[in-house]
Each structure stands twice: as structure tokens, then as C-alpha cells.
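Working through the structure, step by step
The primary structure of each chain is shown beneath.
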Amino acid sequence: MPLIKSLVKCPRPYALLVGSESALTGQFLGPKYDGKYLMQILQEKFGETRLHQALTEVAISSFDIKTNKPVIFTKSQLANSPELDAKMSDICYSTAAAPTVFPPYYFATNTSNGDQYEFNLVDGAVATVGDPALLSVSVAMKLAEEDPAFASIRSLNYKKMLLLSLGTGTTSEFDKTYTAKEAANWGFVQWMLVIQKMTDAASSYMTDYYLSTAFQALDSQNNYLRVQDNALTGTTTEWDDASVANMELLKQVGENLLKKPVSKDNPETYEEALKRFAKLLSDRKKLRANKASY
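The sections below set out a description of the structure shown in this document. (Residues numbered from 1 in each chain as written. Predicted model: local features only at pLDDT ≥ 70, side-chain atom pairs only at ≥ 80, totals over all residues. Heavy atoms only, no water.)

What follows is about the overall build of the protein. When you go through the protein residue by residue, the secondary structure sums to seven helices and nine strands. Taking all 294 residues of the protein together, the buried fraction comes to 39%. Carbon and sulfur atoms make up 56% of the accessible area of the protein, which amounts to about 16900 Å² in all. (Helix = DSSP H or I, 4+ residues; strand = E, 2+ residues; numbered from the N terminus. Buried < 20%, exposed > 50% of the residue type's maximum accessible area, 1.4 Å probe, protein only. Areas by Shrake-Rupley, 256 points an atom, 1.4 Å probe, with all protein chains shown as cover.)

Tallied over the full model, the rule gives 12 aromatic pairs. Put simply, the rings of Y33, F73, Y93, F102, Y105, F107, Y117 and F119 touch in pairs and so form one group of aromatic residues. (Phe/Tyr/Trp six-rings, centres within 6.5 Å; stacked < 30°, edge-to-face > 60°.)

Let's shift gears to the packing of helix α3 (residues 133-144) against helix α5 (residues 188-217). Each packed pair of helices is defined by two parameters, the angle between the axes and the distance between the axes. Running from N to C, α3 and α5 point in directions that differ by 45°, and their axes come no closer than 9 Å. The angle between α3 and α5 falls in the class oblique. Packed against α3, whose contacting residues are A133, L134 and V137, the element α5 presents T207, Y210 and L211 at the interface. In the contact of α3 with α5, the residues fall into five nonpolar, one polar and no charged. (Axes fitted to C-alpha atoms, helices over the stretch in contact; angles between N-to-C directions. Parallel < 35°, antiparallel > 145°, perpendicular 65-115°, else oblique. Contact = heavy atoms within 4.5 Å. Nonpolar A, V, L, I, M, F, W, Y, C, P; charged D, E, K, R; others polar.)

With 30 residues, α5 ought to run about 44 Å at 1.5 Å a step, and its terminal C-alpha atoms sit 41 Å apart, in line with that. In the structure, α5 departs most strongly from a straight axis at V194, where the bend amounts to approximately 40°. On its buried face, α5 is in contact with α3, β6 (162-166) and β7 (224-227). One or two positions beyond α5, positive phi appears at D219, with a value near 55°. (Expected span 1.5 Å × (residues − 1). Bend = angle between axes of the 7 residues up to and from the residue.)

A few words on the layout of surface pockets. Here the second largest pocket is characterised by a volume of approximately 870 Å³. Contributing to the lining of the second largest pocket are 28 residues, with D208, S212, R226, V262 and S263 lying nearest its centre. Among the secondary structure elements, those contributing two or more residues to the lining of the second largest pocket are α5, β7, β8 (261-263), β9 (266-269) and α7 (270-289). Top contributing element to the lining of the second largest pocket by residue count: α5, with seven residues. Grouping the constituent residues of the lining of the second largest pocket by class yields 10 nonpolar, 10 polar and eight charged. (1 Å grid on protein atoms, 1.4 Å probe; cavity = no way out; pocket = protein on both sides within 12 Å on 5 of 7 lines; lining within 4 Å. Points joined across faces, edges and corners; volume = space filled by probe spheres on them.)

Here it is, written out as C-alpha cells:
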């Protein structure tokens, strides 16, 4: 029973890093941060490690602003697309390069013919992959066609699949901020100030809707868990507040969420659901260790 890793950003993966950025250039004349400190940390952690050295399959999304196409870095596609075998530091910066927050990122790799292949990347959320859970399922299904280890989920066998999607939280105040009457006379500037938050929220909700519907229709509703707090307030909604005080607040949000029911139709708490997932994974790992059929 493979665990499909949904690489979801946690109040953005760079939340713990941007607070130390030194160059604040302004949100209107340029990106808020220059990204140098983030890249420094990534290079220190990953060194020269490349995608092919990942210990398991990964699915990391980004968007190429030159080709106007999404770029998905997956280990399983390297045989057909060797140009994707980039340094992990380059990949991780690219998937964090949210427009207005960090500059877009350029780097180059080599094709199978030795030709240079260029990337001009920004955050994968631009390609509506703010919640990559659906992307993870797609990657796993493609693997099922090629890798015997994933054969059990061939033909959309969701009963042999566990999907854990970790959200970054949404604000309880945002959906109550505006009314149609208030926005009736908005122009370009007013809409640009809020449309990205609306798009991000809608993308996350719709991905959850698609997946929960599919798992339920295939009698596998207990194999999909979306962990998301929809009542964030104050500084916990900020992407780049990496203060000690806010980190403690976010930690408390997570601990409180564990005690809440998964949904109004499911009284199971998030803590109980996560323990159930862990047991399922442990049981399957033991079966594989014994070379049992799965």
C-alpha cells in the first residue's frame, strides 16, 4: 500500500527562512525578498544532491514563465526527461519562488544529447498546484504502469492507496471580508489585491472536493485524509512571519487541530486518523518485509 506523498507547503516551505532575509526590496517595485538567504540555506542542506538521488519518488511542482507550462520534477521520469535531473537546491528554490515574494529562478541542465536545457521557474501554485494532492495521485497512477512496486494500485485501485494531504491552513476571516455589493465597483487594482488569495483558496477546496469524491465513490473514503485548519487568525495567516512567537502560535494551532473531528460527517479526530494511517503503513511495511503479496 504505497503512501502517496503530497508535498504541500506549510505556511509556505520558506516560512522559517524568509524572516532572516536581509534585502527587503518592496512589494511594488520588486519582489519582497531577494531570495539569497533561502538559496544559501538550501545549498547548505542539499549540497550537490540531485533529483535522481532521492530515496523515494517525489513530485515537486513549478511553473516555467518562458514556456508558459508547468514543470513537474519526478524521479520516475528521468529516463525519458534527463533534463529534469537538477540539483535539489535549484528545484526547492523554484517551487518556493512565489511571485511578489521571491524572484523567479533561472538555471540550466543538460539533455540526453548534451544540449543545454534552460528553466525559468516560479512557484508551482501558479499552475494551480497549491495543493499537489491530485498531482501525487496522478504520478502514482503513472508509476503503476511502469513500476511493479506500484502494481497494486493499477486500474485505480484506491483501496490499495493511502493519501495524506497536509494543508497550510486558511483564514476564518477571509471569506467574510467582502460582499457582492462592496465589490460591485471594484476595478483592476482592488481585484489584484485579493484575487490571488481567492484563487489559492478555491484551488485547495476544489482539489479536496475532487479527491474526496473519487475515494468515496470507490469505497475507499478512509484512505484519504486532508488535514487543514480553516480558522487561522492574526499572525498565523502571514506567509513570512518567522518570529519565535508566531512559530509557537502555529505549533499550538497544530496541537489544537489534532483534537478536532475530521468533518461533521466523520467524528474521528485528526489525531485518531493519523494514528490509523500510521498503523496501516506499518502493517504494510511488515508484509513487504516478509515478501508477502500486496
